[in-house]
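# Coordinates in review
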Amino acid sequence: MLSLNHFAVQKLAALEAKNQCRRLVDTERTAAMALSVAGGPSLISFTDNDYLGLSTHPDVVEAARDAAARYGAGAGASRLVTGNHPLYAALEAKIAAIKGTEDACVFGSGYLANVGIIPTLVGKDDLILADELVHTCIHAGMQLSRARVLTFRHNDVAHATELMARERGNHGRALIVVDGVYSMDGDIAPLKDLGELALAHDAWLMNDDAHALGTIGGGRGSAHATGAEGLVPLQMGTLSKGVGAYGGYLAASKPVIDLMKTRARSFIYTTGLPPAAVGAALKALELIESDAEMVARPVKLARTFASAMGLPTPETPIVPLVIGTETDALAASARLADEGFKVIAFRPPTVPEGTSRLRFSFSASHRDEDVARLIEVATKLGLNR
Ligand SMILES: Cc1ncc(COP(=O)(O)O)c(C=O)c1O
């Protein structure tokens, strides 16, 4: 056998032995979080990041269609070449207005944003302090930057303060990086305290609001939810979750955004987004701005569920239920599927060893009766605490 195939086969077998292999299944999503998997029965998903159901909202779908009809299916080139169709300017102005910043810059995805932003701001003589649970694409960006990376214990401002006091003087520029909302735990970063720490040490605070835009802070994200407006000069996020479309962004001051557009490699050397994604995101953000009830609903539903299950009160639409082993988490997920619910089991390396879990995520488009039945079924399966 080719050594390449031999390597792949061995690696897969090792992962399989740990129940850590991942497999794609064809999934057809329709409205109200209904989906069918590979021709199977229809399930209600409590696993999507489509927190407002906007990916299937008729106005958003129509905006995507209109944008494709007017500007084509693809952007044709990088934004700096000919791919900068006019919808981009409107979308960036809308993001900056929602985030309360001077300007914004749209990237191809949240992943591309993080691998572009971080190396544009810090390099090998600089320092990054990161929460130990930041998303994997932040790790990718940090590695690319070649800066010194120190991680602090999850949401532990005292630990971050200790590291800052010890190491700041040995480095040029300094960045503190956190997720605004942690996707596997559903908790929020202590942005006010971290923002004050950053200010005191001439460091720059960056939040990744992938799970916060459209869901907390009246839809404006984690800086607004925590009263840290003005303390987070770098607000990054994605247009693929609460916004229901695709793309990533940075909201920041005008000079920072100008620098991104001229230096961030993952902005420059990649094709612009399909116009349909940009048109859809713009329409979705208009809905987020105008419909406070829709924005409040996912957290409200998450709280109803958590209270019935005896779990801590969530601040976000994410409710983790830690099971333990990979096998038990997969079994619980399969039992929920038998009862008509899609709830993915998250396993290492996505979560720490021994903390495999069901992660329930709530959407404005869930019906009250779906949540009531989920509570009934989860209780019957003994998942309540
Ligand atoms: C915290 C966080 N940051 C970034 C990303 C990447 O965003 P995108 O899916 O737009 O690449 C994700 C999700 O996948 C995420 O959960």
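Residues numbered from 1 in each chain as written. Predicted model: local features only at pLDDT ≥ 70, side-chain atom pairs only at ≥ 80, totals over all residues. Heavy atoms only, no water.

Here the focus is the sheet that holds strand 13 (residues 345-346). Reading across from one edge, 11-14-13 is the order of the 3 strands in this open sheet, with antiparallel pairing throughout. This sheet does not close on itself; its edge strands, each paired only once, are strand 11 (318-324) and strand 13. Two strands pair when backbone bridges link them, and strand 13 and strand 14 (residues 356-361) are joined in this way by 2 bridges, in the antiparallel orientation. Bridging across to strand 14, F346 finds its partner in R357. Of the strands in this sheet, strand 11, strand 13 and strand 14 are in contact with helix 13 (residues 326-338), which crosses strand 14 at around 35°. (Pairing = 2+ DSSP bridges. Helix = DSSP H or I, 4+ residues; strand = E, 2+ residues; numbered from the N terminus. Contact = heavy atoms within 4.5 Å. Axes fitted to C-alpha atoms, helices over the stretch in contact; angles between N-to-C directions.)

Around the ligand lies a shell formed by S109, G110, Y111, H135, C137, D179, D208, A210, H211, T238, S240 and K241. Within the side chain of D208, one N or O atom sits 2.6 Å away from a nitrogen atom of the ligand. Contact between the ligand and K241: an oxygen atom at 3.0 Å from a side-chain N or O atom of the residue. Residues that form the shell around the ligand fall into these classes: 3 nonpolar, 6 polar and 3 charged. (Near = heavy atom within 4 Å. Polar contact = N/O pair within 3.5 Å; in protein donor to acceptor, adjacent residues only side chain to side chain. Nonpolar A, V, L, I, M, F, W, Y, C, P; charged D, E, K, R; others polar.)

The next point concerns unusual backbone geometry. Omega for the peptide link from P348 to P349 comes to 5°, which places this bond in the cis form. Structurally, P349 is set in the loop between strand 13 and strand 14. For R146, which is not glycine, the phi torsion reads 65° and is therefore positive. Structurally, the position occupied by R146 is in the loop between helix 5 (136-145) and strand 6 (148-152). Here R146 falls in the exposed class, since its relative accessible area comes to 58%. At N155, a residue that is not glycine, the phi angle is positive and equals roughly 55°. Relative to the helices and strands, N155 is located in the loop between strand 6 and helix 6 (157-167). (Buried < 20%, exposed > 50% of the residue type's maximum accessible area, 1.4 Å probe, protein only.)

So, on to the packing of aromatic side chains. Counted according to the given criterion, the structure contains 5 aromatic pairs. Judged by centre distance (5.3 Å) and plane angle (45°), the ring pair of F305 and F362 falls under tilted. Residue F305 is located in helix 12 (residues 292-309), and its partner F362 is located in the loop between strand 14 and helix 14 (368-380); the two are separated by 57 residues in the primary sequence. Grouped by ring-pair contacts, the aromatic residues F46, F305, F341, F360 and F362 constitute a single cluster. The residue whose ring lies beneath R79 is Y88, and the NZ or CZ to ring-centre distance is 3.6 Å. (Phe/Tyr/Trp six-rings, centres within 6.5 Å; stacked < 30°, edge-to-face > 60°. Lys NZ or Arg CZ within 6 Å of the ring centre and 35° of its normal.)

A few words now on the side chain of N114. Tracing the backbone through its elements, the reader meets N114 in helix 4 (residues 110-121). Using a relative accessible area of 0% as the deciding quantity, one classes N114 as buried. What N114 contacts, discounting residues up to four positions off in sequence, is P119, C137, I138, G141, M206, D208 and M236.

It is worth spelling out the domain arrangement of the chain at this point. When the parts come together, some accessible area is lost, and that loss is often what is quoted as the size of the interface. The domain boundaries assigned to the chain delineate domain 1 (19-48 + 292-380) and domain 2 (58-290). Each of domain 1 and domain 2 has a C-alpha centre, and the two are 26 Å apart. At the junction of the two partners, domain 1 supplies 14 residues and domain 2 supplies 16 residues. Of all residues in domain 1, V295, T316 and I318 bury the most surface against domain 2, accounting for 39% of the area lost on that side. Applying the counting rule to domain 1 against domain 2 returns 1 salt bridge. Here R357 and D185 are joined by a salt bridge, their closest N and O atoms 3.2 Å apart. In this assembly, domain 1 and domain 2 are joined by 4 residue pairs in polar contact (both at pLDDT 80 or more). Looking at the side of domain 1 that touches domain 2, the elements with two or more residues in it are helix 12, strand 11 and strand 14. (Domains from an automatic or database assignment. Buried area = accessible area lost by both parts, 1.4 Å probe. Salt bridge = Lys/Arg side-chain N within 4 Å of Asp/Glu carboxyl O.)

To continue, consider the nonpolar core. Side chains of a nonpolar character, in soluble globular proteins, are inclined to be buried together. Ranked by internal contacts, the top residues of the largest apolar core, which has 48 residues, are F107, I117, I176 and L250. In terms of residues, this core owes the most to one element, strand 7 (residues 174-179), which gives 5 residues. Setting aside its immediate chain neighbours within four residues, F107 contacts L112, A113, I117, G247, G248, Y249, L250, M260, A264, S266, F267 and L273. Of all hydrophobic cores here, the second largest spans 31 residues; its members include L54, A64, L213 and V243. (Core = buried A, V, L, I, M, F, W, Y, C linked by side-chain atoms within 4.5 Å.)

In a structure, side chains of opposite charge can pair up when their charged atoms sit close to one another. Per the stated rule, a full pass over the model turns up 19 salt bridges. One salt bridge connects D48 with R29, and the closest N-O pair in it is separated by 2.6 Å. Here D48 is found in the loop between strand 3 (42-45) and helix 2 (58-71), whereas its partner R29 is found in strand 1 (residues 27-29), with 19 residues between them in sequence. Taking relative accessible area as the criterion, D48 reaches 15% and is therefore assigned buried. Since its relative accessible area comes to 36%, R29 is described here as partly exposed.

Strand order in the open sheet formed by 7 strands is 4-10-9-8-7-5-6, with mixed pairing between adjacent strands. Each edge of the sheet is formed by a strand with only one pairing partner; in this case those strands are strand 4 (103-107) and strand 6. The mean angle between the axes of side-by-side strands here comes to 20°, regardless of whether they run parallel or antiparallel. Looking at chain direction, strand 7 and strand 8 (residues 204-208) are connected through 5 bridges and run parallel. Looking at the pairing, I176 lines up with L205 of strand 8. Seen against the sheet, helix 3 (residues 87-99) touches strand 4, strand 9 (234-238) and strand 10 (248-252) and runs at an angle of roughly 125° to strand 4. Running over the sheet, helix 4 touches strand 4, strand 5 (127-131), strand 7, strand 8, strand 9 and strand 10 and is turned about 155° from strand 9.

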